[in-house]
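For reference, the chains in residue letters:
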There are 2 protein chains.
Amino acid sequence: MGFTPRRYLGVKPPSPTLLLPFLLPVLLVGGQGDGNAAMDNVVTERMAEESHRQDSAYLLIFIMLLTLTILTIWLFKHRRFRFLHETGLAMIYGLLVGVILRFGIHVPQSTSDVVLECAVNASPATLLVNVSGRFYEYTLKGEVSRGKDHQVQDDEMLRKVTFDPEVFFNILLPPIIFHAGYSLKRRHFFRNIGSILTYAFMGTVISCFVIGLLMYGVVSFMKVVGQLGGDFFFTDCLFFGAIVSATDPVTVLAIFNELKVDVDLYALLFGESVLNDAVAIVLSSIVAYQPTGDNSHSFEAMAVLKSFGIFLGVFSGSFALGMATGVMTALISFYFTKLRDFPLLETGLFFLMSWSTFLLAEACGMTGVVAVLFCGMTQAHYTYNNLSRDSQDRTKQLFELLNFLAENFIFSYMGLTLFSFQSHVFNPMFIIGAFLAVFLGRAANIYPLSFLLNLGRRNKIGMNFQHVMMFAGLRGAMTFALSIRDTATYARQMMFSTTLLIVFFTVWICGGGTTPMLSFMSIPVGVDSDQEHSVSN
Amino acid sequence: MGFTPRRYLGVKPPSPTLLLPFLLPVLLVGGQGDGNAAMDNVVTERMAEESHRQDSAYLLIFIMLLTLTILTIWLFKHRRFRFLHETGLAMIYGLLVGVILRFGIHVPQSTSDVVLECAVNASPATLLVNVSGRFYEYTLKGEVSRGKDHQVQDDEMLRKVTFDPEVFFNILLPPIIFHAGYSLKRRHFFRNIGSILTYAFMGTVISCFVIGLLMYGVVSFMKVVGQLGGDFFFTDCLFFGAIVSATDPVTVLAIFNELKVDVDLYALLFGESVLNDAVAIVLSSIVAYQPTGDNSHSFEAMAVLKSFGIFLGVFSGSFALGMATGVMTALISFYFTKLRDFPLLETGLFFLMSWSTFLLAEACGMTGVVAVLFCGMTQAHYTYNNLSRDSQDRTKQLFELLNFLAENFIFSYMGLTLFSFQSHVFNPMFIIGAFLAVFLGRAANIYPLSFLLNLGRRNKIGMNFQHVMMFAGLRGAMTFALSIRDTATYARQMMFSTTLLIVFFTVWICGGGTTPMLSFMSIPVGVDSDQEHSVSN
């Protein structure tokens, strides 16, 4: 980027819009030698500067949102107000800011965007644009959603507060998922491992298909009564089923933690929600991708088998990578025992190795988020014990902080997108159908599997536990991130809008109702954790 | 970004280069309806996926570099090897990786970049490209340097490991500078505040002009003997003077810290190097920007006055913003005293407020880096005392870690750019001239000012102190970042190449020679810090 002149206290640079009319005749004639090139350069730098300042301003809005959230969380904790957890609160603040940005502030359209109508047949990852002999590199940020009338929505401000969805998968979700793995109460987790795996794998797949089939019925009906505004294939239904089956480990478990709920219920719910995030992410990508490159959106047996193979491969591969890095860190911290004398180095090493899991998995075509989950679990199991006491605290606190910031950021952003997203498709029939499907999908997951598991368990999963698991299946960060990842088509837009509402409902209503629900179901609280020293005490 | 199919364990997607020849006839004909659009979409997604995987791989290389650095640092500390500090070490590893990437690995040129020769007269911040009816958003990444023959250097791999220079100013430098401010030993700093300000402001300006004038002589001479390959104006000389006057607080002071060097010398050197970074960053931008928009590169009196005004304005503005945020955080942590019960919330708040300083300054057109410096100092002075003991430790450790990672990252990157940067201009005459100028500029800064200061100081700055300050003026992260910010012209490229060498020399030779130098100059070491409890004990 050209060196940007940034120092304008009191001396505002003429805004690009003001400048252009004067420059336009000069620019259009073009090719007049160095003078114009230099002028172009100044204009370019000013636009880049202006753009940078706007980006800083919008990021600042988010930071202020988070700060406000923190102060309110403290207030709630102070007053022991348990009906609105921090994630629900973050969403509300996000909503408020969204309202303000959408309806309160009116920013004149700047003309700093240029639409190129070039003879390009595919959008490459990088563009080199030749501007009067100077080359500028542009990177593909993403596809711009089009409204129903195929016009490019160009409310620039709203577009600027819209993040590239990959930010969630590359920056925000990894700390959250890693922390979930790192703070797992291992003893109870492994004691219930069979049930957890059942719920997480079989349960998610069941839920996915049940919801998918039900939704297929819904959209078919909608098509018949002329309520469907675009294509909505069976694979889209399955995709919806996959993404909405991912339950969120954050909200409910924070409540469970505070109340010190029965450790087995905690382990079941936590383990299930953490693993089903991983399952959902792989499942949804399998469903969305047609391996044959065939666009018929049909469902073939060979495709199913191939999908299963890919699922297995990616999941195991990510699992293996995550564990390998965890074990390697453990070995390094074991052999370089004297690293204990330098907690800064030890913590830095730990952080870097964990981050490298993510990058390694992504570079190999695996799922980074799944890999960091298993890395976190492995680190908690092995590496943690090799660290000095100081480093144990430091790493725990570091990831706790990253997790806290990332999760509140995502939930704020969720609230914001209700208003900032410009291609919402709210269809009452679809929404009602979706809520019912989600409810039934969860029921089809929990009750039959619990029944089967109870045949084999000594410590039965009581009906009250099952009801709580049913109720406390909140949807959150992962569902949101998966639904926002691609909103190019009508179907995806409708799914995104509906998913938002589902998340809002489960986090506010189900989340808020958790505490009364627990007493209503007579779940034991205030239970002493009887396990040995672990990460998540 | 379109949903990217990522799951290919064992089933590698056909590389884009393989695919294109088959698709080309289809693509070129174009406009054949949905089938081709879908195919384009798949190709696009694969390119984006491929690009993402490469980015992950390259970032992984850096992480591995840092990990290696950490392990070696530990080894050195363990063996008490003081001749190569961690920053010098990071640079060596960076060099090694640079050599490997440049000469060892040969990656076939992929054709995933497209050069658009469009009728654009200025490069906007955002491009919307129309590809067969779908709109893709591209953001300006930066200008691509051209070699002497004006060909676009398109070694794609080397370009991929080259970061947008703004990454330094937006992500890497803020934690470093904040930490410098936060860990300042305040008592000794304020005891020597007059001298520190003199060195930092007057000294940097003196150094800038001395070096600028000397270099102007050098390049004029080079022009006469026909050794100058392009334009090199007086403002370029001043710019060089400004950026190379920024001394680095990192390396030497880590050594001073370990040896517990005399507290006044420590304060002088640390205070000076931290503040002159701030001065240099503002000064260099003033020099580079011609307020009149006049491209004559001449130096006019009005411009000088205006520049001085802007300097004062920006510096004071950043100072004010930094202090304001620091004070606000202090007030919040004071009134919300019960936040102490929740160290996570307190730490999160602290982190967010500090980050917001940076964004606020940037949004207002000030310098974020300067603002965070004063924010850090204010936080250390006021807010720190309001935090709970737990939060004091947490914040200190958090910023210590961020600082550590960021600084080693920058120094590794420095080593790497010796080989990855594709437009180096190494001119022996310029290099020798630059080394001499830098040496003389430092001398012109230290000795005369020390003499003047000693007229007023009770506790004189001895000649041995002055010699150490002369010797220990290492150049590092700030100089590097400022020089790499804009490498579009011949002059800037030559400056960048020379600056790299200066940094290498000062960090390895002067840095390595610090310990012997200290004993040679009979500087007291092992001194007990006699101040009250502060952040940086």
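Looking at an unreviewed UniProt entry, one finds chain A named Sodium/hydrogen exchanger, with Fundulus heteroclitus as its source organism. UniProt annotates chain A under Sequence similarities (unreviewed entry) with the comment "Belongs to the monovalent cation:proton antiporter 1 (CPA1) transporter (TC 2.A.36) family."

Chemist: Account for unusual backbone geometry, naming residues and giving values.
Modeler: Residues and elements named next belong to chain A. Its identity as a non-glycine residue notwithstanding, Ser 522 has a phi of 55°, on the positive side. In this structure, Ser 522 sits in the segment after helix H19 (514–520). Residue class for Ser 522 comes out exposed when judged on its relative accessible area of 55%.

Chemist: Explain the packing of aromatic side chains to me, and be specific about the residues and the numbers.
Modeler: According to the stated counting rule, one finds 58 aromatic pairs over all chains in the structure shown. Plain terms: the ring middles of Tyr 182 of chain A and Tyr 384 of chain A are 6.2 Å apart, the flat faces sit at 75° to each other, and that makes the pair edge-to-face. Placement of the pair is Tyr 182 of chain A in helix H5 (residues 166–182) and Tyr 384 of chain A in helix H13 (residues 368–386), with a sequence separation of 202 residues. Taken together, a centroid distance of 5.4 Å and an interplanar angle of 75° make the contact between Phe 334 of chain B and Tyr 335 of chain B edge-to-face. Classification of Phe 334 of chain B as partly exposed rests on a relative accessible area of 48%. Taking relative accessible area as the criterion, Tyr 335 of chain B reaches 63% and is therefore assigned exposed. In this arrangement the basic side chain of Arg 485 of chain B is found over the ring face of Phe 169 of chain B, its NZ or CZ atom lying 3.8 Å from the centre. Taking NZ or CZ as reference, Arg 492 of chain B lies 4.0 Å from the ring centre of Phe 239 of chain B, over its face.

Chemist: Talk me through the nonpolar core; I want residue IDs and the actual numbers.
Modeler: Ranked by size, the top nonpolar core spans 295 residues in total, and within it Phe 256 of chain A together with Phe 256 of chain B carry the most contacts. Dropping the residues within four chain positions of it, Phe 256 of chain B is found in contact with Val 261, Leu 265, Tyr 266, Leu 269, Val 468, Thr 514 and Leu 518 of chain B.

Chemist: Quick rundown of the pattern of salt bridges? Include the residues and the values.
Modeler: Per the counting criterion, the structure on display carries 14 salt bridges over all chains. The residue Glu 272 of chain A makes a salt bridge to Arg 442 of chain A at a minimum N-O spacing of 2.8 Å. Linking Glu 272 of chain A in helix H10 (residues 263–288) with Arg 442 of chain A in helix H15 (residues 428–456), this pair joins segments that are 170 residues apart in sequence. An identical accessibility class is assigned to Glu 272 of chain A and Arg 442 of chain A; each is buried. Of the charged contacts in the structure, one is a salt bridge between Arg 394 of chain B and Asp 390 of chain B, with a shortest N-O distance of 3.4 Å. Residue Arg 394 of chain B and its partner Asp 390 of chain B are located together in helix H14 (residues 389–420), separated by four residues, close to a single helical turn. Connected through shared salt-bridge partners, Asp 390 and Arg 394 of chain A together with Glu 400 of chain B make up one network.

Procedures and definitions
Each chain has its residues counted from 1, following the order in which its sequence is written. Think of it this way: whatever chain is written first is A, whatever ligand is written first is 1, and the rest follow in order. Totals for whole chains, interfaces and linings use all residues, but because this is a predicted model, local features are given only for residues with pLDDT of at least 70 and pairs of side-chain atoms are given and counted only at 80 or more. In computing side-chain properties, one takes all heavy atoms of the structure into account and sets aside hydrogens as well as water. UniProt positions are given in the numbering used here, feature names are shortened, and annotations may be inferred rather than shown by experiment. Strands are runs of DSSP state E lasting at least two residues, helices are runs of H or I lasting at least four, and both sets are numbered from the N terminus onward. Throughout this description, buried means an accessible area under 20% of the type-specific maximum (1.4 Å probe, protein chains only), exposed means over 50%, and partly exposed covers the range between. Two aromatic rings from Phe, Tyr or Trp, using only the six-membered ring of Trp, form a pair when their centres are within 6.5 Å; if the ring planes differ by under 30 degrees the pair is stacked, by over 60 it is edge-to-face, and anything between is tilted. Either the NZ atom of lysine or the CZ atom of arginine qualifies as a charge over a ring when it sits within 6 Å of the ring centre and within 35 degrees of the ring normal. As used in this record, nonpolar core signifies buried Ala, Val, Leu, Ile, Met, Phe, Trp, Tyr and Cys residues forming a set joined through side-chain atoms within 4.5 Å. Residues count as neighbours in contact if any of their non-hydrogen atoms are within 4.5 Å of one another. In the sections that follow, a salt bridge refers to a side-chain nitrogen of Lys or Arg positioned within 4 Å of a carboxyl oxygen of Asp or Glu.

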